[in-house]
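The residues making up each chain are set out below.
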Amino acid sequence: MAESAQNTELSWPTGRQIAVIFVALMAAAMTTYYERMFQTSLADMQGIWGLSADEGAILKTCAIAPQMLLAPVAPWFVMVFGVRPVLLPAALAFIVISFGIPFLTGFVPLIAAHIAMGALLGCFITATIMIITTTLPGKWWLIPLGIHIFRFSVTTNTGVSLSGLYIDYFGWEWIYWQSTAIMVVYIVVLFMLIPGRQIMADMLKKADVLGMILLPIGMTMLFVAFYQGERLQWFHSSFVSAFQWGGAAILVLFVLPELKSPYPFATLRSLVGPGVVLILMPICLFSLAFFGI
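Residues numbered from 1 in each chain as written. Predicted model: local features only at pLDDT ≥ 70, side-chain atom pairs only at ≥ 80, totals over all residues. Heavy atoms only, no water.

J.: Break down the overall build of the chain for me, with residues and values.
T.: Helix and strand counts for the chain stand at 14 helices and 0 strands. Reading the chain from its N end, one meets helices and strands in the order α-α-α-α-α-α-α-α-α-α-α-α-α-α. Looking at the 293 residues of the chain, the share that counts as buried comes to 46%. At a minimum sequence separation of 6, the contacts of the chain that also span at least 24 residues come to 80%. (Helix = DSSP H or I, 4+ residues; strand = E, 2+ residues; numbered from the N terminus. Buried < 20%, exposed > 50% of the residue type's maximum accessible area, 1.4 Å probe, protein only. Contact = heavy atoms within 4.5 Å.)

Set out below in structure tokens:
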């Protein structure tokens, strides 16, 4: 009886686990803070960079839509190669780009830098969920996942004030440099507290490369179409129509081979399991609400 009671006793997370989860959640919160501050400060930055209203709208899309490029595949890479080999280079690249953007001039360099930064942001959002589920036992998932979802509410309400504080007192550059500072802490924790491990060679050999290419591209194209649809009057715009139908066609090309592939990248059955639905549905709903603001 004593042994069974001891086995069922709730074991608390270690200090290392708490530190890793805290920094992962901080990185996820950083992404939504950046998005909120970027959206509310876009008019000021258009004036600083000398951009027109149309160029500002394009820049906004290029800063947010590329998150779809790496977000779907980041958990797979983390699972196969480990946290450190994937997220340390991504964090280093993010530091260089986010720190350097305020020094850029010209529309094309700004577009390229924001596309790269947006893609890396998507990597950290989904990798956070992977870090939570691999670092903590299942009975402790609810708390960090709840915080992960709650960050949308926090950033929506405080991001406006914070962006105003930066622009009026500290300098608009801190809209980007805040993310740089957080990523420095992120790198230190990943390097010191997360051990390396061997590559999962079996999963690498069974990689569905075509699926990992088609799904992010299709999702990104549809996101761009929906994001620019209202401004460009939907089907009256050849650009929006091309991205809508092109994105839908690419997703169809993704789904059909997945149904027959022996090692699919994503199966419908895996996405409708009760555990997955309970985790993904609140995150998706809050994400849609956040992007719609």
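Moving on from the coordinates now.
J.: Report on the confidence of the model for the chain, specifying residues and quantitative values.
T.: This prediction gives the chain a mean pLDDT of 81; 87% of its residues lie at or above 70. Here residues 1-8 is a poorly scored stretch, pLDDT under 50, and it has 0 contacts once near neighbours within four places are set aside; other chains count. (pLDDT = per-residue confidence, 0-100.)

J.: Kindly report on unusual backbone geometry, identifying the contributing residues and their values.
T.: Although it is not a glycine, Gln-233 sits at a positive phi angle of roughly 65°. Tracing the sequence through the fold places Gln-233 in the loop between α11 (209-232) and α12 (238-260). Residue Trp-234 is not a glycine yet carries a positive backbone phi of 50°. Here Trp-234 lies in the loop between α11 and α12.

J.: Got a sec to walk through a nonpolar patch on the surface? Specific residues and values, please.
T.: On the surface, a nonpolar cluster with roughly 370 Å² of combined accessible area is contributed by Leu-69, Leu-70, Val-209, Ile-213 and Ile-217. Breaking the nonpolar patch down by element, the ones donating at least two residues are α4 (67-70) and α11. For the nonpolar patch, the leading source of residues is α11, giving 3 residues. Looking at where Leu-70 falls in the secondary structure, it is placed in helix α4. (Patch = residues over 30% accessible without salt bridge, like charges linked within 9 Å, V, L, I, M, F, W, Y side chains within 5 Å. Areas by Shrake-Rupley, 256 points an atom, 1.4 Å probe, with all protein chains shown as cover. Salt bridge = Lys/Arg side-chain N within 4 Å of Asp/Glu carboxyl O.)

J.: Help me get a handle on the nonpolar core, residues and values and all.
T.: Membership of the largest hydrophobic core comes to 57 residues, with the highest contact counts inside it found for Trp-49, Leu-87, Phe-124, Tyr-176, Met-183 and Tyr-186. The leading source of residues in this core is helix α2 (residues 15-49), at 14 residues. Leu-87 has contacts with Val-78, Cys-123, Phe-124, Ala-127, Ile-131, Tyr-186 and Leu-190, leaving out every residue within four places of it along the chain. Counting 12 residues, the second-largest nonpolar core is a separate cluster that includes Val-80, Met-212, Leu-215 and Phe-254. (Core = buried A, V, L, I, M, F, W, Y, C linked by side-chain atoms within 4.5 Å.)

J.: Give a description of the pattern of salt bridges that names residues and reports values.
T.: It is possible for side chains bearing opposite charge to pair when their charged atoms get close. By the definition in use, this model includes 1 salt bridge. Put simply, Arg-231 and Asp-54 hold a salt bridge, and the shortest N to O gap is 2.8 Å. In this pair, Arg-231 is assigned in helix α11 and Asp-54 in helix α3 (residues 53-64), connecting sequence segments 177 residues apart.

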